[in-house]
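Observations on the three-dimensional arrangement
Each chain, letter by letter, is given below.
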Amino acid sequence: MSDPTAEFFDGLGRRGHEPLLEEATGTIRFDLKHDHGLDRWFVVIRQGDVRVSRDERESDSVVRAEKGLFDRIVSGEENLYAAWVRNELRAEGEVRLARLMQRVFPGPPGAHHPRMFARERRRQA
């Protein structure tokens, strides 16, 4: 069985540099609760340079959620901001970092980037 959360964080770590996070510097720990305990992911961002580990360290921001919910978020099936508003996902500390991370989460399956959508519409017209 695949693990969407592990795939997301592994992919994020392999990128090395993420342009969408260039204005961010800090650390975020994701605490994801499940039936068998707690999974922790530690993300270090330095002006877009990203490193991911499983370290259990202090961080500037901590995001807490159920792992099943987070799996749906990183699969694009659930919206991070909507989960935050419903209080199903909580952020503590430097919340701005957690908000910036929202940029790298995928959109819904089959979604198009707005510019690509506009180009497709112009071609059809």
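This text gives an overview of the structure that appears in the document. Predicted, not measured: the structure shown is a model, and the values here were computed from it.

Thoughts on the sheet that holds strand β5 (residues 89-93)
Pairing in this open sheet of five strands is mixed, and the strands run β3-β2-β1-β4-β5 from one edge to the other. Lying at the two open borders of the sheet, with one neighbouring strand each, are β3 (49-53) and β5. On average, each strand axis in the sheet is tilted by 20° relative to the strand beside it, whichever way the strands run. Strand direction decides the pairing type here: strand β1 (residues 25-34) and strand β4 (residues 61-66), joined by six bridges, are parallel. By the bridge assignment for β4, F30 is matched with V63. Where helix α2 (residues 67-74) meets the sheet, its contacts fall on β1, β2 (37-46), β4 and β5, and the angle it forms with β4 comes to roughly 105°.

Let's talk about the pairing of β3
Relative to β3, β2 runs antiparallel, the two sharing five bridges. Across the sheet, residue I45 finds its bridge partner in β3, namely V50. Counting the residues between successive antiparallel strands, the hairpin from β2 to β3 contains two residues, one of them, Q47, with a positive phi of roughly 50°.

Some words on the packing of aromatic side chains
Both the distance between ring centres and the angle between the ring planes are used here to describe each pair of aromatic rings. Applying the stated criterion across every chain, the model contains seven aromatic pairs. Geometrically, the ring pair formed by F8 and F9 is edge-to-face, given 5.1 Å between the ring centres and 70° between the ring planes. For F8, a relative accessible area of 9% corresponds to the buried category. Both rings, one in F8 and one in F105, keep their centres 4.9 Å apart while their planes meet at 15°; by these two values the pair is stacked.

Concerning the packing of helix α1 (residues 4-15) against α2
Packing of α1 against α2 brings their axes to within 8 Å, and their N-to-C directions diverge by 55°. When the interaxial angle is binned, α1 and α2 end up oblique. At the point where α1 passes α2, the crossing takes the left-handed sense. From α1, P4, T5, F8 and F9 reach across to α2, where they touch K67, F70, D71 and V74. For the contact of α1 with α2, a count of residues per class yields five nonpolar, one polar and two charged.

Some words on the environment of F105
Note that F105 resides in the loop between α4 (95-101) and α5 (114-124). Linking F105 and S75, residues 30 residues apart in sequence, is a C-alpha distance of 8.3 Å. Excluding its chain neighbours within four sequence positions, the residues that come into contact with F105 are F8, F70, I73, V74 and L80.

Remarks on the pattern of salt bridges
Across all of its chains, the model carries 14 salt bridges by this definition. Between E23 and R96 there is a salt bridge, and its shortest N-O distance comes to 3.5 Å. Note that E23 is positioned in the loop between α1 and β1 and R96 in helix α4, a separation of 73 residues in sequence. The exposure class of E23 is partly exposed, given its relative accessible area of 49%. Residue R96 is classed as partly exposed on the basis of its relative accessible area, which comes to 43%. The shortest N-O distance in the salt bridge between K67 and D71 comes to 2.9 Å. Taken together, the positions of K67 and D71, both in helix α2 and four residues apart, correspond to about one turn of that helix.

Criteria and thresholds
Residues numbered from 1 in each chain as written. Predicted model: local features only at pLDDT ≥ 70, side-chain atom pairs only at ≥ 80, totals over all residues. Heavy atoms only, no water. Pairing = 2+ DSSP bridges. Helix = DSSP H or I, 4+ residues; strand = E, 2+ residues; numbered from the N terminus. Axes fitted to C-alpha atoms, helices over the stretch in contact; angles between N-to-C directions. Contact = heavy atoms within 4.5 Å. Phe/Tyr/Trp six-rings, centres within 6.5 Å; stacked < 30°, edge-to-face > 60°. Buried < 20%, exposed > 50% of the residue type's maximum accessible area, 1.4 Å probe, protein only. Parallel < 35°, antiparallel > 145°, perpendicular 65-115°, else oblique. Left-handed = near helix turned anticlockwise from the far one by under 90°. Nonpolar A, V, L, I, M, F, W, Y, C, P; charged D, E, K, R; others polar. Salt bridge = Lys/Arg side-chain N within 4 Å of Asp/Glu carboxyl O.

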